[in-house]
Amino acid sequence: MSWLCPLCYSPLVQTAKSFCCDNRHQFDVAREGYLNLLPVQHKRSKEPGDSGEMIQARRAFLDAGHYLPLRETISDVLQQLSPEVLLDIGCGEGYYTGAFAEVRAGKGGETYGLDVSKVAIRYAARRYRGVRFCVASSQRLPFADASMDAIIRIFAPCNAAELARVVKPGGVVITATPGPRHLYQLKELIYQQVELHHEVSEEMPHFILKQTLQPAWNMALSGEQAVTLLQMTPFAWRARAEVWQQLNHAVHFACETDFVVRVWEREKDNP
Ligand SMILES: C[S@@+](CC[C@H](N)C(=O)[O-])C[C@H]1O[C@@H](n2cnc3c(N)ncnc32)[C@H](O)[C@@H]1O
Ligand SMILES: [Zn+2]
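Draft legend 1. Main features of the overall build of the protein chain. Within the protein chain one finds eight helices and 13 strands. Expected size for 271 residues packed as a compact globule is a radius of gyration near 18 Å; at 19 Å, the protein chain falls within 12% of this value. Projected onto the principal axes, the alpha-carbon positions of the protein chain cover approximately 60 × 40 × 35 Å. Residue burial in the protein chain is summarised as follows: out of 271 residues, 40% are buried. In the protein chain, the proportion of contacts linking residues at least 24 apart, taken out of those at least 6 apart, comes to 68%.

Draft legend 2. Representation of the site of ligand 1 in the model. Around ligand 1 sit 18 residues in total, of which G49, G90, G92, S117 and S138 are the nearest. A class-by-class count of the residues in the shell around ligand 1 yields eight nonpolar, seven polar and three charged.

Draft legend 3. Structural detail: the environment of Q214. Topologically, Q214 is positioned in the loop between β10 (207–213) and β11 (218–222). Sequence separation of Q214 and G170 is 44 residues, and the distance between their C-alpha atoms is 23 Å. Apart from residues no more than four positions distant in its own chain, Q214 is found in contact with G179, F259 and V260.

Draft legend 4. Structural view of the packing of helix α1 (residues 52–63) against helix α4 (residues 118–127). Axis separation between α1 and α4 bottoms out at 8 Å; the angle between their running directions is 35 degrees. Once α1 is placed against α4, the crossing between them reads as right-handed. Taking contact as the criterion, the partners of G52, I55 and R59 in α1 are, on α4, V119, A120 and Y123.

Parameters at a glance
Residues numbered from 1 in each chain as written. Chains lettered and ligands numbered in written order. Predicted model: local features only at pLDDT ≥ 70, side-chain atom pairs only at ≥ 80, totals over all residues. Helix = DSSP H or I, 4+ residues; strand = E, 2+ residues; numbered from the N terminus. Rg over C-alpha atoms; globule rule 2.2 N^0.38 Å. Buried ≥ 20, exposed ≤ 12 C-beta atoms within 10 Å, placed from the backbone. Contact = placed C-beta atoms within 7 Å. Near = placed C-beta within 6 Å. Nonpolar A, V, L, I, M, F, W, Y, C, P; charged D, E, K, R; others polar. Axes fitted to C-alpha atoms, helices over the stretch in contact; angles between N-to-C directions. Left-handed = near helix turned anticlockwise from the far one by under 90°.

Geometric values such as these leave the question of function open.
Here is the structure:
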């Protein structure tokens, strides 16, 4: 498996400390070992993706094990499927990616992690040395057609056409999205009336839905942990100062999780 140049889409070849294509576009390997494949002209903002603050909050929360059952659910699916080449898109600070690489340890093959946030990839690459990380956008995956056996997408944006291009026929995409009651108690503090998250079925042209799993459990959090959870959610900016104070002073905070994990198989005929 090789990377593709994000500028001209020809394969990148590794030299001493960088990767280069036939058209002499060059990408250096960072000190932490990751590859930055997000050219400045593809950036929509100066620092795209999640900020350092959000990444730190997510790492603290995930390290405490609160979402471990979700990681185990997906790891079990991967154990059964045994993909050789795997990519985690929007991988963040690598909590899931690192575990997926472990599932595959000793079986050969490769695990890739991709995120548009450079801070996130720096955190990920420092900790999970067995994964090949890159800064890139999921809108343009820097990988060849039909090069991945599995792509994982956990709470991250994607481009369905790119998934269909990069996953091998017969390979899979595994998605994790919020179910109706996900973080209900946290939302209750923020919204006057909580709308249960009714998911519109995902559009995945060229894939067939093979399996749906619904891991859900109750988290017994401290107030401080609930603050960290709120910081890593997209509705943090809606929370009033009183909500932050209330959580900060809370001793216990009980909150539901509710996830939908779907396994999609790539059709065998070409698009
Ligand atoms: C809600 S976080 C989920 C992170 C990780 N999958 C997890 O569950 O811990 C969404 C991630 O998608 C990344 N992201 C946002 N837009 C992206 C894009 N266009 N391409 C790749 N990653 C993107 C963000 O930087 C962030 O790390
Ligand atoms: Zn090039």
